[in-house]
Amino acid sequence: MDLIYLDNNATTPLLPAVWEAMQPYFLDCAGNPASSHGVGRQARRALEDARERIAQLLDARPEEVFFTSGATEANNLAIFGLAGDTAGHLVTSAVEHPSVAEPILQLVSRGFTHRQLPVTGTGAVVFEADFFQPETRLVAVMLANHETGALAPIAKLAQEVSGRAPFHCDAAAAAGKVAVSFRELNVTSLTISAHKFHGPKGIGALFIKERAKLRPLLWGGHQQHGKRPGTEPVPLAVGMATALELAVRNMETNRCGVLELRELFLGRLRALAAPVVLNGPDQDGVPHTINLSFPGCAADVLLMNLDLAGIACSTGSACSSGSLLPSPVLRAMNVPKDVLHSALRFSLSPLLSTSLVEQSAQRIARIVNRLRQERLGNGQGLSGSI
Ligand code: PMP
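Residues numbered from 1 in each chain as written. Predicted model: local features only at pLDDT ≥ 70, side-chain atom pairs only at ≥ 80, totals over all residues. Heavy atoms only, no water.

Colleague: I would appreciate a short explanation of the nonpolar core in the present structure.
Modeller: General note: in soluble globular proteins, nonpolar side chains tend to be found buried as a group. By size, the foremost hydrophobic cluster in this structure holds 67 residues, and its most contacted members are L190, I192 and F207. Sort the elements by how many residues they give to this core and helix α7 (residues 234-249) lands first, with ten residues. Each residue touching I192, except ones within four places of it in the same chain, is listed here: I54, L58, G70, A71, A172, A175, F197, G204, A205, F207, M240 and L244. In terms of nonpolar packing, the next biggest core, distinct from the first, is built from 31 residues, V258, A273, A309 and I364 among them. (Core = buried A, V, L, I, M, F, W, Y, C linked by side-chain atoms within 4.5 Å. Buried < 20%, exposed > 50% of the residue type's maximum accessible area, 1.4 Å probe, protein only. Helix = DSSP H or I, 4+ residues; strand = E, 2+ residues; numbered from the N terminus. Contact = heavy atoms within 4.5 Å.)

What follows is the structure, given as structure tokens:
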């Protein structure tokens, strides 16, 4: 039985071309980029070349790119680094990733106040005209949601703030899938993570506008202008640049391919496993993300059965899996109880084939129908609480 991986928002497999680009910097040119000898200078050149390529691909300047260990660190650095020490008011959307939501809670426990922009039933962030107040110290809204694929109007929100407070944008679920221009979004800082676009795990970047005042999280080195000290992982930086290059170069082809897979997946499940409910935008989100509810099935039981049938998907963000609470993103969308408790996130990649997607829909439908039959056998209807 083929294993079918439908959890590409949790992480993506590394592309062979990315591995090939990284290998020499693990094996041959393994210098420390801070060393002043020849081997060090060679590593430094590779690092700065990676920084320049990443900057160019996302329409930023190399001086604005700071390598981190991933999106979690980049988000923490932006939030703690930009909010400052004196308590003030914070604004986020109601559907941020835990690596934004939890630093915000930390700040609230230190005396900051917090307002959440609500979302619609399909996860679109609602633009509230008065969201920015004179006492607002920091705004953080993600570009693409990790559970629904919904895209937020970042440029419009940032224009409203217009430099009066720092604006952070988590673009980890968007970069490599939709066009991202740091310049045009006009935000203070922006997060990306390589393993979300077929790059290596363990590296991400925070883009920071040159004039922004950012207090570091880590101390004890001069690397990256002291804003993120520590020896830079040269092979990972080279891998991230290569993966981003491939993702940006093939973006349109990949998007069309994934759209086709999405239509096939949704069409087959609607035909074979009705009722299914799509949680999130149908047309104008990131097409890779498909959040679906199967009323009458309990999400955790379904997930386990799908795993046994060789299908990997998730009940939400990998960072919150293990939690028995239903998805905060779907709760913010105010979906009905049976939809909330029967939701799974399937996330596609251009590496999948139509045949695998067809097979996955058939396996999912078989299991959904069996679980619903068992439930009916137990005398419980399809609606009603799970
Ligand atoms: N933000 C978003 C939107 C994400 O999807 C993720 C990954 N689940 C993260 C942040 C955290 O990324 P990382 O694994 O690189 O720390």
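Colleague: Would you mind showing me how to read helix α3 (residues 71-83) here?
Modeller: Because an α-helix packs 3.6 residues into every turn, residues spaced three or four apart end up facing the same way. An ideal rise of 1.5 Å per residue puts 18 Å on 13 residues; α3 measures up with 18 Å between its terminal C-alpha atoms. Burial runs high along α3: twelve of the 13 residues are buried. By the burial criterion, the buried members of α3 are A71, E73, A74, N75, N76, L77, A78, I79, F80, G81, L82 and A83. Once α3 finishes, G84 follows within two positions and takes phi at roughly 80°, a positive value. (Expected span 1.5 Å × (residues − 1).)

Colleague: Help me understand the packing of helix α2 (residues 38-57) against α7 in this model?
Modeller: Interhelical geometry of α2 versus α7 gives an angle of 30° and a closest axis separation of 9 Å. By the angle between their axes, α2 is roughly parallel relative to α7. Crossing of α2 against α7: the hand is left-handed. In contact with A43, A46, L47, A50, R53, I54 and L57 of α2, α7 contributes V234, A237, V238, M240, A241, T242, L244, E245 and V248. (Axes fitted to C-alpha atoms, helices over the stretch in contact; angles between N-to-C directions. Parallel < 35°, antiparallel > 145°, perpendicular 65-115°, else oblique. Left-handed = near helix turned anticlockwise from the far one by under 90°.)

Colleague: When you look at the pairing of strand β3 (residues 89-93) in this model, what are you seeing that I'm missing?
Modeller: Two faces make up the sheet, and in a regular strand the side chains alternate between them. In terms of burial, β3 is largely enclosed, as five of its five residues are buried. With burial as the criterion, each face of β3 is covered, one bearing H89, V91 and S93 and the other bearing L90 and T92. The sheet contact formed by β3 and strand β4 (residues 113-117) spans five bridges and is parallel. Within β4, the position partnered with L90 by the bridge is H114. With respect to chirality, the unit in which β3 leads through helix α4 (residues 98-109) into the neighbouring parallel β4 is right-handed. Where β3 meets strand β5 (residues 136-140), four bridges bridge the pair, whose relative direction is parallel. Within β5, the position partnered with T92 by the bridge is A140. (Pairing = 2+ DSSP bridges. Right-handed = clockwise from strand over helix to strand, strands pointing away.)

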